[in-house]
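A closer look at the structure
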Amino acid sequence: MNSKRNVYLDMKSIEETTKILFDHFKHLVTKIEILDVVDAKGRVLAAPAMAAISSPNFHAAAMDGIAVDAKITFGARQDAPITICPDKNAFWVNTGHAMPKGTNAVIMIEHINIIDEKNVEIEAPVFPWQHVRKMGEDIVATQLLFPQGHRINAHSLGALLSGGIFKVAVYKQPKVLIIPTGSELKQWHEIKIDQLKPGDVVESNSCVLGGLCEDHGALFDRHPMLKDNIEKIKKAVEKAAKQDYDMICIIGGSSAGSEDFAKPVISSLGEIYVHGVTMMPGKPMMFGKVFDIPIFGIPGYPVSAIVAFELFAGPLLLNMQKLPKKEIISVPVFPARKIASKLGMEEFLRVKIGSVDGKLMASQLPRGSGSITTLTEADGIIRIPTNIEGISENQKIMAQLLRPLSSIENTIVITGSHDNTLDILADQIKGVKGDISVSSSHVGSMGGLMAIKKGACHMAGAHLLDPEDGSYNISYIKKYLPDQKVWVINLVMRDQGLIVQKGNPENIQSIEDLKNKNLQFINRQPGSGTRILFDYKLKTLGISIHDIQGYENDEYTHMSVAVAVLSGRADAGLGIQAAARALDLDFIPIVTEEYDLIIPDRFYNTRKIQALLDIIQTKKFQDRIQSLGGYGTQNTGKIIYV
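The structure contained in this document is the topic of the report that follows. Given the structure is predicted, the values throughout are model-derived calculations rather than measurements.

Rules used in this analysis
Residues numbered from 1 in each chain as written. Predicted model: local features only at pLDDT ≥ 70, side-chain atom pairs only at ≥ 80, totals over all residues. Heavy atoms only, no water. Helix = DSSP H or I, 4+ residues; strand = E, 2+ residues; numbered from the N terminus. Buried < 20%, exposed > 50% of the residue type's maximum accessible area, 1.4 Å probe, protein only. Contact = heavy atoms within 4.5 Å. Areas by Shrake-Rupley, 256 points an atom, 1.4 Å probe, with all protein chains shown as cover. Pairing = 2+ DSSP bridges. Axes fitted to C-alpha atoms, helices over the stretch in contact; angles between N-to-C directions. Salt bridge = Lys/Arg side-chain N within 4 Å of Asp/Glu carboxyl O. Patch = residues over 30% accessible without salt bridge, like charges linked within 9 Å, V, L, I, M, F, W, Y side chains within 5 Å.

Quick look at the overall build of the protein chain
In terms of regular secondary structure, the protein chain is built from 18 helices and 37 strands. By its C-alpha atoms, the protein chain is 100 × 65 × 50 Å across when sized along the principal axes. When burial is assessed residue by residue, the protein chain has 51% of its 642 residues classed as buried. Contacts spanning at least 24 positions in sequence make up 77% of the contacts within the protein chain whose residues lie at least 6 apart. Accessible area for the protein chain stands at about 29,200 Å²; split by element, carbon and sulfur atoms hold 52% of it.

Listed below in structure tokens is the structure:
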């Protein structure tokens, strides 16, 4: 083949080039492989990761000190201390130790006066579960830790292992062959500095592009450097295209000179789609295909090579693995609620961020140092300086993003009542739509209505029973959102009842048994639909809340109620059947209720909300819901009220 001058095809803009690239190659997705979790950092889940165990999976001491049954400390005060006997009615424990049987609190060692080897004295009581990490405090078995499409980072590894997930299905890393070309190039390990001649160039681009491949989640091989010989370059490309490479990059030879061979090599083996982009640097960049493999002609100048790769080859590699585009940015956000902070301490606050009405609203995550999920769930971090006591509601402050801004803009913020179907919904919409995700916060049904009122979410999940007529949600909407037009869409019908131990050892048959048998109950938080339902049932039965042992103890999700029963912290709790079934507990049905999504009209016709509504009406979504148990989908997607 003769050497001759190349000419550029019609030069394209960056936007045009990107469109052409993805029109031809967006369908290319790598295969799926199963990896040990410890080897999966940086990879993308091809299937949802559901926790196999709770974390912690036992009640654990959160402080050094003495484990006791809190009851024996009641009445202790400075002028009337109580003496307790370690190894008799109390036990020495260190942080992280399993709580001894019969104990439910830890007295911190600094609050203990040692009298002698067998007796210690306390001057203040402890309450049940004080200084104890309860079973399931961080992760509850069967909980969705990450949906398909989630990229596993260092925090994710801890969450997966803590949740008993040791193997995961991930997309394979694309494999790239980098072919450096140029007669003027010298390899660094063969160079003697004092013998370099004019015209000699140290070949560095293949190392830079190899690093960029790794930054974009890909593997790479570096072909031995080739001189400007069209037949040798063609042979190398043809051989690579028939092997297991997902992309080929020829470095150098993409310009219009007589010794630039990238264009004739690609053209002779396949097809050129773009040669020349209206950008500086990087104008000579080209790409095409050889045997259905994308191939790039990367300019030889280092800065041009980097720009061309990061604009085009890198995003395509990410797309092959279903990785999001790279974005590192800090943005102004507005706290959904007032955030308190301690003077003299700089705090790195983990937050969820959602775009509502053009404002980035930030909701703080729990501050517990033992909860790894506060990092895996975080969208950003707010640094609170040492000289302020907190941040006011709706006060603008900068947040460092942990997810791309485009992803946050495409996140549907759901605030309100907890339901297990929200995990399924988050996974399903991520798997089908890709660029749309769901972020849900569990603050109870009334909390969801208040979030709508404040403009802090796109929709609320609610199941608020009107005891007057047996309807759900509508009377509360009329009362608390009188000036807002909203759509009420049914998500599921679900069975609520008493969650009890496997085998129902206390033979609980009804709510009355909670009083009559003096059993320990675990409640839901004030404002939740389940709490409202329980209060209504107590009223109709003529039972006082003071007759229910543990009424004041509450949790924020049905799964947390279930794990409280599973761990023995409670004999019963009111929750949904799916939560009981997930942890293999028994269930006594009380009522079938309506769980709805309440959507402000201004969001209803947006792309992401309509995508969600499309998902919930699919057979696949409804089949997954029914497999959880205790759900009915006969009204799913139905407009209940406008």
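Quick look at the sheet that holds strand E19 (residues 286-290)
Paired through backbone hydrogen bonds, the strands of a sheet run either parallel or antiparallel to each other. Spatial ordering of the open sheet is given by E16-E13-E17-E20-E19-E18, a layout of six strands whose pairing is mixed. Each having just a single partner strand, strand E16 (219-222) and strand E18 (271-275) make up the two edges of the open sheet. With direction set aside, neighbouring strand axes in the sheet form an average angle of 20 degrees. Of the strand pairs in this sheet, E19 and strand E20 (residues 293-298) are connected by five bridges, and their pairing is antiparallel. What sits directly across from Val290, in E20, is Ile293. Contacts from helix H1 (residues 14-25) reach E18, E19 and E20 within the one sheet, and its direction differs from that of E19 by about 10 degrees.

With respect to the pattern of salt bridges
Counted under the stated rule, the structure contains 22 salt bridges. Between Glu555 and Lys134 there is a salt bridge whose closest N-O contact spans 3.7 Å. Residue Glu555 is found in strand E33 (residues 554-555), and its partner Lys134 is found in the loop between strand E10 (132-133) and strand E11 (144-146); the two are separated by 421 residues along the sequence. On the accessibility criterion, Glu555 (14% relative accessible area) is buried. A salt bridge links Asp547 to Lys515, with the shortest nitrogen-to-oxygen separation between them at 3.9 Å. Here Lys515 lies in helix H12 (residues 512-516) and Asp547 lies in the loop between helix H13 (529-541) and E33, a separation of 32 residues in the sequence. In this structure Asp547 comes out as partly exposed when scored by relative accessible area, which is 30%. The class of Lys515 is partly exposed, set by a relative accessible area of 37%.

Things to note about a nonpolar patch on the surface
A cluster of nonpolar side chains, contributed by Val38, Leu161 and Phe166, occupies part of the molecular surface with about 300 Å² of accessible area. Checked against the element boundaries, Phe166 lands in the loop between helix H2 (154-162) and strand E12 (167-171). Accessibility expressed as a relative area gives 53% for Phe166, which makes it exposed.

A look at the environment of Leu628
Position of Leu628 among the secondary structure elements: in helix H18 (residues 619-628). A relative accessible area of 25% places Leu628 in the partly exposed class. For the pair Leu628 and Leu538, spaced 90 residues apart in the sequence, the C-alpha separation amounts to 28 Å. Setting aside anything within four residues of it in sequence, one finds Leu628 in contact with Asn420, Ile424, Ala578 and Arg581.

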